[in-house]
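Spelled out, the chains give:
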Amino acid sequence: MLHQITYISTARPGLSLSDVEAILARSRRNNRQTGITGLLIFDKVRFLQVIEGRLPDIEATFLRIAVDPRHRAVVRLSQRQIDAREFGQWAMASHVVDEAGSAADLVGQVDALTETLPDPNLRATLRSFARIRGAA
Ligand SMILES: Cc1cc2nc3c(=O)[nH]c(=O)nc-3n(C[C@H](O)[C@H](O)[C@H](O)COP(=O)(O)O)c2cc1C
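One numbering rule holds for all chains: residues counted from 1, following each sequence as written. Residue-level local features of this predicted model are given only where pLDDT is at least 70; pairs of side-chain atoms are given and counted only at 80 or more, and the full residue set underlies all totals for whole chains, interfaces and linings. To get the side-chain values, take all heavy atoms of the structure and skip hydrogens and water.

- In the nomenclature of an unreviewed UniProt entry, the protein chain corresponds to BLUF domain-containing protein from the organism Sphingomonas crocodyli.

1. With respect to the pattern of salt bridges
Side chains that differ in charge, positive against negative, can pair when their charged atoms come close.
Okay, step 1: Note on definitions: salt bridges are taken to be side-chain nitrogens of Lys or Arg within 4 Å of carboxyl oxygens of Asp or Glu. Considering all chains together, one arrives at nine salt bridges under this definition.
Okay, step 2: The salt bridge involving Asp111 is made with Arg127; its shortest N-O contact spans 3.5 Å. Of this pair, Asp111 sits in helix H3 (residues 103–113) while Arg127 sits in helix H4 (residues 120–131), and the two are 16 residues apart along the sequence.
Okay, step 3: Here's how the labels work: a residue is buried when its accessible area is under 20% of the maximum for its type, exposed when over 50%, partly exposed in between, all with a 1.4 Å probe on protein chains only. Given the relative accessible area of 22%, Arg127 is considered partly exposed.
Okay, step 4: One salt bridge connects Asp111 with Arg131, and the closest N-O pair in it is separated by 2.8 Å. A residue pair is termed long-range when its members are at least 10 positions apart, and Asp111 in helix H3 and Arg131 in helix H4 qualify at 20 residues.
Okay, step 5: For Asp111, a relative accessible area of 18% gives the class buried.
Okay, step 6: Taken together, the shared-partner salt bridges connect Asp111, Glu115, Arg127 and Arg131 into one network. Counting from the N terminus, the helices are the DSSP runs of H or I reaching at least four residues and the strands are the DSSP runs of E reaching at least two.

2. Some points on the UniProt feature "domain: BLUF" (unreviewed entry) in the protein chain
Okay, step 1: UniProt positions are given in the numbering used here, feature names are shortened, and annotations may be inferred rather than shown by experiment. Mapped onto this structure's residue numbering, the UniProt feature "domain: BLUF" (unreviewed entry) falls at residues 2–93.
Okay, step 2: Each end of residues 2–93 is marked by a C-alpha atom, and these two atoms are 18 Å apart; helix forms 33% of the span and strand 41%.

3. A word on unusual backbone geometry
Okay, step 1: Residues other than glycine seldom take positive phi values, yet Lys44 does so here, at roughly 85°.
Okay, step 2: Looking at where Lys44 falls in the secondary structure, it is placed in the loop between strand S2 (37–42) and strand S3 (46–54).
Okay, step 3: Positive phi is not limited to glycine here, since Ala73 has a value of about 50°.
Okay, step 4: When you line up the elements, Ala73 lands in strand S4 (residues 71–82).

Here's what the structure looks like:
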């Protein structure tokens, strides 16, 4: 039985892009071992992440993530059972807005990244996240 959790959070002030690269590297290694797939979007202020896999695995991973001091105000947007993975190819696909990145880049790239997602609600959640600008 596959489950999927989607949450948003706020990055710890001062978190750097290299900190985010380190999070991604560790996540991909762990997720490959536990059969978790998903997507992480970071816009310099907030994270939006989708994780999917077997229920005990995503619950254990989410509990670790939720207490990670590199972000706070972790809010679960949805948790649901899924018939098939939305991000089957990716131990953790990512989109990180770099220093040169503009709001338009984020919108365009998240739109492209979510083009093939089977679930219209998840696609809408991710796309609207890209369109809300944070405090940066
Ligand atoms: C925004 C964010 C997303 C994360 N995503 C994952 C993830 O998908 N998988 C994972 O194992 N750890 C993720 N982590 C890291 C965990 O919080 C934790 O540091 C890590 O799982 C510990 O693994 P380790 O015991 O191998 O060091 C994330 C952390 C943050 C701040």
